[in-house]
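Summary of the model geometry
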Amino acid sequence: MTAPHALQVDSVAKAFGGNRVLEKVGFNVRPGEIVGLLGPNGSGKSTLLNTITGFEAIDAGSVTFEGRRIDTLSAHRIVQAGIARTFQLPSMPAKMSVAEVAMAASVAHHGIWENLFGLRAAREAEARAREQANALLYQLLLAPVRDQPAAAISGGQKKLLGIVCALMAHPRMLMLDEPTAGVHPNLRSDIVGALQRLNQAGMTIVIVEHDMHFIREVCHRCIVLDRGHIVADCRPDELASNERVLEAYLGGAARKPAAGATAGPVLRMGAA
Amino acid sequence: MFDFLVSSLTFGAIFALMALGLNLQAGLAGLLNFGHIAFAGIGAYGTGIAVQAGWHPALGAAAGVAVAMTLGWCIARLGKQLAADYWGIATLAIAEIIRTVATNELWLTNGAQGISGIPALFDDLPGKSGALAFLALVVALAAAAAVLLRRVAYGRFGRALRVMREEPKLAACMGYDLMSLKSRAVMAGAGVTAVAGSLYAHYMSFVGPDYLLASETFLLWTMLMIGGIGNFSGVVLGVVLVQTAYTLVPFAKDAFGFGSDIAGALRLGLIGCILLGCLLWRSEGLLPEKMRKMP
């Protein structure tokens, strides 16, 4: 049986002390969909991403991936279950090259004995991993810096390397935390292209993002969070006309017509 | 003179084994194990207790390795929530507890008296060839450990350890179980070090609680830091340098007419100066860890 939803988030709640960051958050992601997760700063997007990927435990509710409860699993088990993620501000090892970090993300056969005695299975796995890493580094334009220390490449390149690492684990769903923030515009369009190609190959993608151009270009659907609640679940082109979204980004001012003059990037991009 | 040289080299090779075990944990996995000498002590006591009980020493060595690796597993899982530096303090405390137990449990370890009469290996060989055969054994073991651990370091397991050391969150994102990586690194280090401890007991024909002094752990750390933590060639260089400094002190004692107490202080002072110099001018050691170029 194939589950109708790839990801199912049901009444998820999370509080840090008295600060209730997520309250009864529920949404679904269908297989093969690209969903944008939006919301002003502090709306709970990153916390939601962390709870789904096992970096934060949830207080209530459930998260199901392909019909299997994953909210009790630890982070590495969730990766093994098929969800890989990237970080908003990826930091990379200083003593490892870009290629080596990518290779490290290939998890199979990492036992001591296999590489101690150079078993054939381990050698073959190593060769496959190298091939896969080289192909992904090439696709995400990191081939020219593959021998640089991973900590020394630019912030945008680190984001790409984060995506390479996520893809090395052969995930069926990718969760990206602001993949284009601080990335050069040329590189941005490359990321768009790469994500679209992945999606055409069947990858389900959830993206936390502020850039409305990017959202409109890439996402099929948008979920907007505000103060721990979902306030909208709509197509990207419907965002600009959604009153609750405007309220979330602009506060009560959005109701007044004069607010158009001071509208933030969401409004302007949305209207463009 | 010849005996002195052979004995210095033997000690050096035994310390090299212990330092290589520590480097797997501290250098590759970034685990600040300040109780590393406990593993050597357990290896030594395993041999000693087996001899005392009339068993074959090899059985004792095997038991010592098994107990040390079990302890390693426990230490690695100790305090899941502890930050790296607090974990380091906990390892120091555990080693001290084991030393205190060894000092006080007369029935098991013969207390502060220690266990003597542990047979030397290759004792039946004529003349000096027994000592040479033992030296050859420990050098071969240290060399094999260096080669194999280096291979682990640059293989997939070592890559995983190095990502965990520098970016634990990224390692978790890659799908690595950090607790399992940590356990396996500490257990492997513990096994190698327990073998060294057992050999040490054979060489000295004796094991006592002084083997477990925290200063021994810090001597190993000094070797790592001088040579280059994370780099296996560097660790071997560190062992050679520290061991050479130790070896030279008796000559200085004779040449300048120092007393024995001053010679002891001179030994520590010399190591301290080398360590300080390294920290000031070569903070990553004489042979820093190198980035590996992937084919």
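**Quick look at the nonpolar core**
- Among the nonpolar cores identified, the biggest contains 134 residues, and Val101, Leu161, Val164, Leu174 and Ile207 of chain A together with Leu161 and Met174 of chain B are the most heavily contacted of them.
- Among the elements that take part in this core, helix α1 (residues 2-28) of chain B stands out by supplying 14 residues, more than any other.
- The next biggest cluster of nonpolar side chains, apart from the first, holds 27 residues, and it includes Leu22, Val25, Met173 and Leu225 of chain A.

**Some remarks on the interface of chain A and chain B**
- Of the residues lining the interface, 41 residues belong to chain A; the matching set on chain B comes to 30 residues.
- Across the chain A/chain B interface, buried area totals approximately 3,400 Å², and carbon plus sulfur atoms make up 60% of it.
- Between Glu284 of chain B and Lys95 of chain A there is a salt bridge, and its shortest N-O distance comes to 3.6 Å.
- Secondary structure elements with two or more residues in the side of chain A that touches chain B: α2 (75-81), α3 (98-104), α4 (112-116) and α5 (120-139) of chain A.
- At five residues, α3 of chain A tops the list of elements feeding residues into the side of chain A that touches chain B.
- Its residues assigned to classes, the side of chain A that touches chain B comprises 23 nonpolar, eleven polar and seven charged.

**Regarding the confidence of the model for chain B**
- Of all residues in chain B, 100% have pLDDT values of 70 or greater, and the mean over the chain is 92.
- Overall fold confidence for the complex sits at a pTM of 0.89, while the interface term, ipTM, reaches 0.87.

**Structural notes on α5 of chain A**
Residues and elements named next belong to chain A.
- Here α5 contains 20 residues, and its C-alpha end-to-end distance of 29 Å stays within 8% of the 28 Å for a straight helix at 1.5 Å per residue.
- Turning to α5, its buried residues are Ala122, Ala125, Glu126, Ala129, Gln132, Ala133, Leu136 and Leu137. Buried residues of α5, seen end-on, are gathered within an arc of 135° and therefore sit on one face of the element. In this structure, α5 carries Arg120, Arg123, Arg128, Glu131 and Tyr138 as exposed residues pointing more than 90 degrees from its buried face.

**Details of the sheet that holds strand β1 (residues 7-16) of chain A**
Residue and element names in this part refer to chain A.
- Here we have four strands laid out as an open sheet, ordered β2-β1-β4-β5, and antiparallel in their pairing. The open sheet has two edge strands with one neighbour each: β2 (19-29) and β5 (68-69).
- In the packing of helix α1 (residues 45-52) onto the sheet, contacts are made with β1, β2 and β4 (60-65), and the angle to β2 comes to roughly 65°.

**Some points on the pattern of salt bridges**
- As enumerated under the stated definition, the model contains 21 salt bridges over all chains in all.
- The partner of Arg159 of chain B in a salt bridge is Glu126 of chain A, and the shortest N-O contact between them spans 3.0 Å. Placement of the pair is Arg159 of chain B in helix α7 (residues 156-166) and Glu126 of chain A in helix α5, with the two residues belonging to separate chains.
- For Asp211 of chain A, the salt bridge goes to Arg188 of chain A, with nearest N and O atoms at 2.9 Å. With Asp211 of chain A in the loop between β8 (204-208) and α8 (212-218) and Arg188 of chain A in helix α7 (residues 185-200), this pair connects stretches of sequence that are 23 residues apart.
- On the basis of relative accessible area, Asp211 of chain A is assigned to the partly exposed category, the value being 22%.

**Describing the environment of Ala144 of chain B**
- Note that Ala144 of chain B resides in helix α6 (residues 129-154).
- The spacing of Ala144 of chain B and Leu17 of chain B is 127 residues in sequence and 9.5 Å in space, taken between C-alpha atoms.

**Description of the side chain of Thr10 of chain B**
Residues and elements named next belong to chain B.
- Note that Thr10 resides in helix α1.
- Among the residues examined, Thr10 registers a relative accessible area of 0% and is labelled buried.
- Each residue touching Thr10, except ones within four places of it in the same chain, is listed here: Phe134, Leu135, Val138 and Tyr203.

**Considerations on the sheet that holds strand β3 (residues 34-38) of chain A**
All names here are of chain A.
- Overall, mixed pairing links the six strands, which are arranged β6-β7-β8-β3-β9-β10 in an open sheet. Every other strand in the sheet has two partners, leaving β6 (83-85) and β10 (229-234) as the edge strands with one partner each. In this sheet, adjacent strand axes meet at a mean angle of 20° when their direction is disregarded.
- Of the strand pairs in this sheet, β3 and strand β9 (residues 221-226) are connected by four bridges, and their pairing is parallel.

**Looking at the pairing of β3 of chain A**
Residues and elements named next belong to chain A.
- Buried residues dominate β3, accounting for five of its five residues.
- Across the two faces of β3 the burial is the same, with Ile34, Gly36 and Leu38 and Val35 and Leu37 all buried.
- Examined bridge by bridge, β3 and β8 share four bridges and lie parallel to one another. Bridge assignment links Val35 to a residue of β8, and that residue is Val206.

**Focus on helix α11 (residues 232-256) of chain B**
All names here are of chain B.
- For α11, which comprises 25 residues, the first-to-last C-alpha distance of 36 Å matches the rise-based estimate of 36 Å (1.5 Å per residue) to within 8%.
- Where α11 bends most, the angle comes to about 25°, and this point is Val249, followed within four residues by the proline Pro250.
- Along α11, the residues classified as buried are Phe232, Gly234, Val235, Gly238, Val239, Val242, Gln243, Ala245, Thr247, Val249 and Ala252.
- In the core, the buried residues of α11 are packed alongside α1, α6, α10 (214-227) and α12 (260-281).
- A positive backbone phi angle near 70° is found at Gly257, which sits one or two residues after α11.

**Here we look at the packing of α10 of chain B against α12 of chain B**
Residues and elements named next belong to chain B.
- At their nearest, the axes of α10 and α12 sit 9 Å apart, and the two run at 40° to each other. Judged on the interaxial angle alone, α12 and α10 are oblique. Judged by the twist between their axes, the crossing of α10 over α12 is left-handed. Between α10, through Thr222, Met225 and Ile226, and α12, the contact on the second element is made entirely by Ile271, Ile274, Leu275, Cys278 and Leu279.

Rules used throughout
- Along each chain, the written sequence defines residue order, and numbers are assigned to residues from 1.
- Both sets of labels track the order of writing: A upward for chains, 1 upward for ligands.
- Only residues with pLDDT of at least 70 get local features here, since the model is predicted, and only at 80 or more are side-chain atom pairs given and counted; chain-wide, interface and lining totals rely on the full set of residues.
- Note that water and hydrogens are dropped before the side-chain values are worked out from all heavy atoms of the structure.
- Definition used in this section: a nonpolar core is a set of buried Ala, Val, Leu, Ile, Met, Phe, Trp, Tyr and Cys residues joined via side-chain atoms within 4.5 Å.
- Accessibility here uses a 1.4 Å probe with only protein chains present; expressed as a share of the type maximum, an area under 20% marks a residue as buried, one over 50% as exposed, and anything in between as partly exposed.
- Here a helix means four or more residues in a row that DSSP labels H or I, a strand means two or more in a row labelled E, and each is numbered from the N terminus.
- Throughout, a contact is declared for two residues whenever any of their heavy atoms are within 4.5 Å.
- When two components associate, each loses some accessible surface as probed by a 1.4 Å sphere; the sum of these losses over both components is called the buried area.
- Definition used for salt bridges: Asp or Glu carboxyl oxygen within 4 Å of a side-chain nitrogen of Lys or Arg.
- Residue polarity is assigned by list, with Asp, Glu, Lys and Arg as charged and Ala, Val, Leu, Ile, Met, Phe, Trp, Tyr, Cys and Pro as nonpolar; anything else, Gly included, falls into the polar class.
- pLDDT is a residue-level measure of predictor confidence that goes from 0 to 100.
- Expected span of a helix, by definition, is 1.5 Å for each gap between consecutive residues, and there is one gap fewer than residues.
- Each direction from the helix axis to a C-beta atom contributes to the arc, which is the arc of those directions.
- A pair of strands counts as paired when DSSP detects no fewer than two bridges linking them.
- Axis definition: a line fitted to C-alpha atoms, over the contacting stretch in the case of helices. Angles run 0 to 180 degrees between N-to-C directions.
- Across the chain, bend at a residue is computed as the angle between axes fitted to the seven residues ending at that point and the seven starting from it.
- Throughout, the term roughly parallel applies to angles under 35 degrees, roughly antiparallel to angles over 145, roughly perpendicular to angles from 65 to 115, and oblique to all others.
- Put simply, a crossing is left-handed when the front helix is turned counterclockwise from the back one by less than a right angle, and right-handed when it is turned clockwise.

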